[in-house]
Amino acid sequence: MRLQFYLRFHTQVGQSLWISGNAEELGNDDPQQAVALEYLNEEFWQASIEIRKKDVEKSIRYKYFLKNEDGELIGEWGNDRLVDVFRKELQEIQMVDTWNHAGEYENVFFSLPFKNVLLEQPAAKSKGKTVKNFTHLFKVKAPLLNKNEIVCLLGSGDTMGDWTTEKPLLLSKEEDWWVTRVDLKENGFPVAYKYGIYDTGEKKFIRYEDGNNRFLFSDGGKKKITIIHDGFVHIPNNTWKGSGVAIPVFSLRSRNSFGVGEFTDIKLLVDWAKQTGLKLVQLLPVNDTTATNTWLDSYPYAAISAFALHPLYINLSLVAGKTQAAKISSLRRKQKQLNDLPVVDYEAVMKYKLSVLKELYEEAGEECLSSDDYKKFFERNGHWLLPYAAFSYFRDKYGCSRFEDWKTNSIYRKEEVEKIFNSHSAAAKAMKLYCFTQYHLHLQLKEAADYAHQKGIILKGDIPIGIYRHGCDAWTDPEQYNMNWQAGAPPDDFAAVGQNWGFPTYNWKRMQEDGFAWWKQRFEQMSDYFDAFRIDHILGFFRIWSIPADAVQGIMGRFVPCLPVHINEFGENGIWFDYQRFCKPFINDDIINETFGHGLAGVVHSEFLVPNEVGGYDLQDGYQTQKQVEQHFASHEHTEETERLKNGLYDLISNVLFFEEEGSQGQHFHFRIAMEKTSTFRYLIPHVQERLRNMYINYFFRRQDEFWKKEAMHKLPQLKAATNMMVCGEDLGMVPECVPDVMKQLGILSLEIQRMPKDPKKEFFHPNDAPYMSVITPSTHDMSTVRGWWEENRERTQQFYNNILGQWGDAPYYCESWVNRAIVLQHLYSPAMWSIFQLQDILGMSETLRRENPHDERINNPANPKHYWQYRMHLSLEDLIKQKEFNEELKGYVENSGRG
């Protein structure tokens with residue numbers, strides 16, 4: 001029999017359309033074996049295949065792909081188109097389809113959080129008549145219907161009711177589709193029709209969908225059926241809005257926690273969110289960061305495993321159960337001591353938790369690991385759990401996570417690790433402690449997630465952009481990463497010399513070879529606990545700020561990949577290229593005095609510099625990279641003078657205009673960021689400055705945009721298609737022009753922050769201007785809270801008070817509760833889909849509940865690469881839940897803003 005496909009789609013020059021499905025004639029779900037469609041007219045592309053009837057009897061699933069001029073295949077969103085009708089006499093089935101664009105707002109409402117939690121309600125019952133010998137099957141989606149509402153169908157001709165609203169054709173819900181079967185043999189063609197909304201409670205027609213009439217040109221017959229996948233009913237699709245709270249797990253405080261927030265505390269936070277009308281709880285990464293066994297491991301974005309959960313968050317009482325409760329009771333005094341601290345004492349908490357976990361494992365480990373439930377857990381997670389357990393064992397054995405320094409097993413060999421793990425040795429027993437711990441962490445986080453869902457609350461996680469250089473992922477598969485580069489961020493208002501996160505960058509080419517298997521496994525495991533996630537620094541999927549291994553500061557980096565400046569371009573722009581002048585640190589006496597002052601200039605001259613042939617100075621051997629300088633001063637006493645010397649030498653090393661691209665043999669160059677702020681630029685003659693400035697603007701803001709867009713489209717569509725979680729992007733910083741368009745195309749929610757406008761012409765972003773597909777927030781964990789920011793810059797605060805809050809006169813010196821409340825309300829009434837607030841900013845609305853010192857509320861300072869992440873709530877969750885008056889007030893604000 002014949003399957004005839006018609007797809008509505010307007011292509012651009014060079015584009016083509018393809019179809020793939022779970023039948024041999026459709027390429028067996030392999031997009032590379034997809035069948036080409038042919039251009040039919042301005043509205044349709046078509047394809048026709050002959051297929052065995054028995055294959056159709058099983059039902060055929062299919063989807064469309066768009067091939068761009070460069071050969072890149074981009075699939076439409078979803079995978080739920082079915083040829084699911086069959087009669088023996090059929091000779092032809094026609095499909096009339098509408099391309100499902102990933103960026104359609106409605107698609108987000110079919111993601112996990114909405115399907116399973118937020119919009120989960122039984123569909124209104126339809127009493128439409130059953131048609132056995134139908135010729136046409138209509139399918140359409142409508143996720144945002146109210147109670148008792150269903151989709152109906154009206155159109156021209158007797159069978160379609162001649163547009164009567166008294167008795168429209170009622171559709172019934174089948175999976176995600178609203179469906180009706182109609183016999184149109186006696187109807188004239190073409191048929192004009194529209195979908196509408198019908199209230200089954202009131203038994204009346206409510207409204208037509210928006211837009212023009214739809215048309216159907218395909219007639220029907222006994223041996224032919226037409227299936228129409230009509231996309232979405234055209235009704236307002238931006239009416240749903242929600243709000244949430246953001247806080248790291250470690251910052252939670254309950255009466256029963258052990259000096260740090262635990263997975264079990266999430267349930268109390270959910271109870272409070274439910275009480276106040278919030279629908280989402282957002283957390284920072286919860287992966288294991290145990291690398292040094294010091295407070296430096298408090299940095300949640302430096303996970304030693306992209307999969308393993310952090311033992312910091314385990315509740316020991318749940319692990320102990322009733323049989324070993326005595327072990328926990330003996331620690332009550334220490335628990336209270338740690339829990340009473342205003343902040344997290346990371347080292348003390350970890351010391352006690354790991355010690356108790358070992359004792360519990362000795363007593364109950366064997367029984368636990370032999371249970372059927374654990375075996376299922378290991379079967380599903382063994383691909384990461386076994387390497388992680390081995391890595392943790394060797395880290396402890398050799399006292400460091402730098403696997404290249406281990407005496408044995410510095411190179412991961414799967415067979416060796418499995419041999420040890422499956423033996424009866426002490427090493428195997430030590431490894432299995434980590435499996436025991438991960439199993440219990442899994443149970444506790446899963447229980448918290450399930451509890452949240454029961455309360456109608458979703459959990460949003462966080463995926464870091466990088467992996468820890470000395471962690472398990474780098475140990476097991478180093479070829480997936482560029483170990484000779486360090487990821488970071490260019491200079492901004494928060495970090496004048498940029499940020500160096502120290503993570504190796506991703507080897508995307510290598511990852512693409514296996515279809516991004518590591519990322520897909522990561523998403524799969526994350527969806528066990530989370531309904532949505534934030535992609536930390538989504539700009540890294542377009543290009544990542546990459547810093548050479550011999551540099552310390554982020555300012556020494558450049559974007560990778562990036563189209564370089566060819567040496568010929570200098571001549572084309574009227575510039576004589578001087579390698580020494582442009583690519584080597586420019587150092588003269590005035591710069592030395594300006595950088596170090598006269599008091600230290602002599603030391604710098606004698607110890608670190610040598611005169612060069614052009615009347616300036618070069619750095620001596622041994623001090624030509626920032627890493628060499630760092631190592632030199634590592635053995636010196638930390639004083640103000642040594643810091644000035646070290647940072648001054650860093651400045652000299654970074655005082656260049658260009659970085660030569662490695663391996664280009666002097667042909668390709670990249671601009672150093674913030675070129676105009678360098679003293680080497682200041683010493684150029686004006687016409688060279690102007691021409692370099694024009695090249696610089698072109699390099700950063702024009703020539704890369706299409707290139708970076710293609711880079712993102714090689715990765716993000718495949719990664720997003722690998723999960724049905726709601727995807728949000730942290731798109732802050734130096735944002736390429738193509739980023740908003742790509743995120744919009746893929747249906748990825750953007751992040752909007754009031755004091756970080758993306759329009760450089762504006763000082764502040766107004767919440768009223770937020771796009772619907774966005775998350776809006778007044779502050780993040782990397783920023784001061786609303787109250788802390790209010791005191792940082794009096795001039796900016798005054799402008800904000802008058803221009804954004806619309807208040808007259810002088811701004812209050814401190815952020816009074818009514819000011820904080822006004823800012824929260826602005827965000828609640830924003831058109832953005834989600835308004836999410838740090839808990840500190842919510843409590844700032846109350847003079848009695850807020851912390852006394854707002855500067856104690858900040859979670860992280862990105863300018864400090866060794867920040868101690870130890871912020872904790874100043875009141876317990878139990879006490880917060882008891883604040884009935886405040887909680888009712890917050891609930892009223894949420895509901896009145898349409899987010900209830």
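Values in this document were obtained by computation on a predicted structure and should not be read as measured data.

1. Describing the overall build of the chain
- Counting its regular elements, the chain contains 30 helices and 37 strands.
- Over its C-alpha trace the chain gives a radius of gyration of 31 Å, about what one expects of a compact globule, namely 29 Å for 900 residues.
- Each of the three principal axes of the chain carries a C-alpha extent, and together these read 100 × 80 × 70 Å.
- The buried share of the chain, reckoned over its 900 residues, is 56%.
- Within the chain, residue pairs in contact and separated by at least 24 positions form 72% of the contacts whose partners lie at least 6 positions apart.
- On the chain, roughly 39600 Å² of surface is accessible, and the fraction owed to carbon and sulfur atoms is 48%.
- A gap of 6 Å separates the mean positions of the 104 positive and 123 negative side-chain charges of the chain.

2. Regarding the nonpolar core
- In terms of nonpolar packing, the biggest core is built from 189 residues, with Ile266, Trp272, Trp519, Phe570, Phe582, Phe671 and Leu692 touching the most fellow members.
- The biggest single contributor to this core is helix α11 (residues 426-454), with 12 residues.
- The next biggest cluster of nonpolar side chains, apart from the first, holds 31 residues, and it includes Met1, Leu37, Ile93 and Ile225.

3. Some points on helix α7 (residues 332-339)
- Listed as buried for α7 are Gln335, Leu338 and Asn339. On an axial view of α7, the arc spanned by its buried residues comes to 95°, and they lie on one face. Turned more than 90 degrees away from the buried face of α7 sit Arg333 and Lys336, all of them exposed.
- Turning to α7, the residues buried within the fold contact α8 (346-369).

4. A short note on the sheet that holds strand β23 (residues 485-489)
- The 4 strands are arranged β24-β23-β27-β28 in an open sheet whose pairing can be described as antiparallel. Edge positions in the open sheet fall to β24 (499-500) and β28 (558-560), since each of these has one partner strand only.
- As judged from the 4 bridges shared by β23 and strand β27 (residues 544-548), these two strands associate in the antiparallel manner. Residue tryptophan 485 lies in a different strand from β27, and its bridge partner there is proline 548.

5. A few points about the sheet that holds strand β9 (residues 92-98)
- Pairing in this open sheet of 8 strands is mixed, and the strands run β4-β5-β1-β9-β18-β10-β14-β13 from one edge to the other. Either end of the sheet is taken by a strand with one partner, and the two such strands are β4 (38-39) and β13 (172-174).
- Alignment of β4 against strand β5 (residues 44-50), held across 2 bridges, turns out to be antiparallel. Opposite glutamate 38, over in β5, you have glutamine 46 as the bridge partner.

6. Digging into the packing of aromatic side chains
- Summed over all chains, the structure comprises 81 aromatic pairs.
- Judged by centre distance (6.3 Å) and plane angle (85°), the ring pair of tyrosine 388 and tyrosine 434 falls under edge-to-face. Highlighted residues: tyrosine 388 in helix α9 (residues 372-398) and tyrosine 434 in helix α11, separated in sequence by 46 residues.

7. A look at the environment of phenylalanine 633
- By the secondary structure assignment, phenylalanine 633 is in helix α19 (residues 626-634).
- Here phenylalanine 633 falls in the buried class, since its relative accessible area comes to 9%.
- In this structure, the C-alpha to C-alpha distance between phenylalanine 633 and leucine 645, residues 12 residues apart in sequence, is 9.0 Å.
- Beyond its immediate sequence surroundings of up to four residues, phenylalanine 633 is in contact with Phe608, Thr642, Leu645, Lys646 and Leu649.

8. Thoughts on helix α26 (residues 794-804)
- Those residues of α26 that fall on the buried side of the exposure criterion are Thr797, Gln798, Phe800, Tyr801 and Ile804.
- Backbone nitrogen of glutamate 795 and a side-chain oxygen of the N-cap are separated by 3.1 Å at the start of α26; the cap is asparagine 793.
- Looking one or two residues beyond α26, the residue adopting positive phi is glycine 806, at roughly 70°.

9. With respect to the pattern of salt bridges
- A full pass over the atoms with the stated rule returns 44 salt bridges.
- Notably, a salt bridge pairs arginine 8 with aspartate 230, separated by 3.8 Å at the nearest N-O pair. Residue arginine 8 is found in strand β1 (residues 2-8), and its partner aspartate 230 is found in strand β18 (residues 224-232); the two are separated by 222 residues along the sequence.
- Arginine 8 gets classed as buried once you look at its relative accessible area, which sits at 17%.
- We classify aspartate 230 as buried; its relative accessible area is 3%.
- The shortest N-O distance in the salt bridge between glutamate 262 and lysine 353 comes to 2.7 Å. Taken together, the residues span a long stretch of sequence, with glutamate 262 in the loop between β19 (242-246) and α4 (265-276) and lysine 353 in helix α8 at a distance of 91 residues.

10. Describing unusual backbone geometry
- Cis geometry marks the peptide bond from phenylalanine 189 to proline 190; its omega dihedral reads 0°.
- Residue placement: proline 190 occurs in the loop between β14 (177-182) and β15 (191-199).
- A cis amide bond links valine 560 to the next residue, proline 561, at an omega of -5°.
- Mapped onto the elements, proline 561 comes out in the loop between β28 and β29 (565-566).
- In this model, asparagine 148 sits at a positive phi of 70°, which is unusual for a non-glycine residue.
- Positive phi is not limited to glycine here, since histidine 537 has a value of about 55°.
- When you line up the elements, histidine 537 lands in the loop between β26 (532-535) and β27.

Rules used throughout
Residues numbered from 1 in each chain as written. Predicted model: local features only at pLDDT ≥ 70, side-chain atom pairs only at ≥ 80, totals over all residues. Heavy atoms only, no water. Helix = DSSP H or I, 4+ residues; strand = E, 2+ residues; numbered from the N terminus. Rg over C-alpha atoms; globule rule 2.2 N^0.38 Å. Buried < 20%, exposed > 50% of the residue type's maximum accessible area, 1.4 Å probe, protein only. Contact = heavy atoms within 4.5 Å. Areas by Shrake-Rupley, 256 points an atom, 1.4 Å probe, with all protein chains shown as cover. Lys, Arg positive; Asp, Glu negative; His and termini not counted. Charge placed at Lys NZ, Arg CZ, Asp CG, Glu CD. Core = buried A, V, L, I, M, F, W, Y, C linked by side-chain atoms within 4.5 Å. Arc of directions from axis to C-beta. Pairing = 2+ DSSP bridges. Phe/Tyr/Trp six-rings, centres within 6.5 Å; stacked < 30°, edge-to-face > 60°. Polar contact = N/O pair within 3.5 Å; in protein donor to acceptor, adjacent residues only side chain to side chain. Salt bridge = Lys/Arg side-chain N within 4 Å of Asp/Glu carboxyl O.

Any functional reading would require information that these geometric values do not contain.
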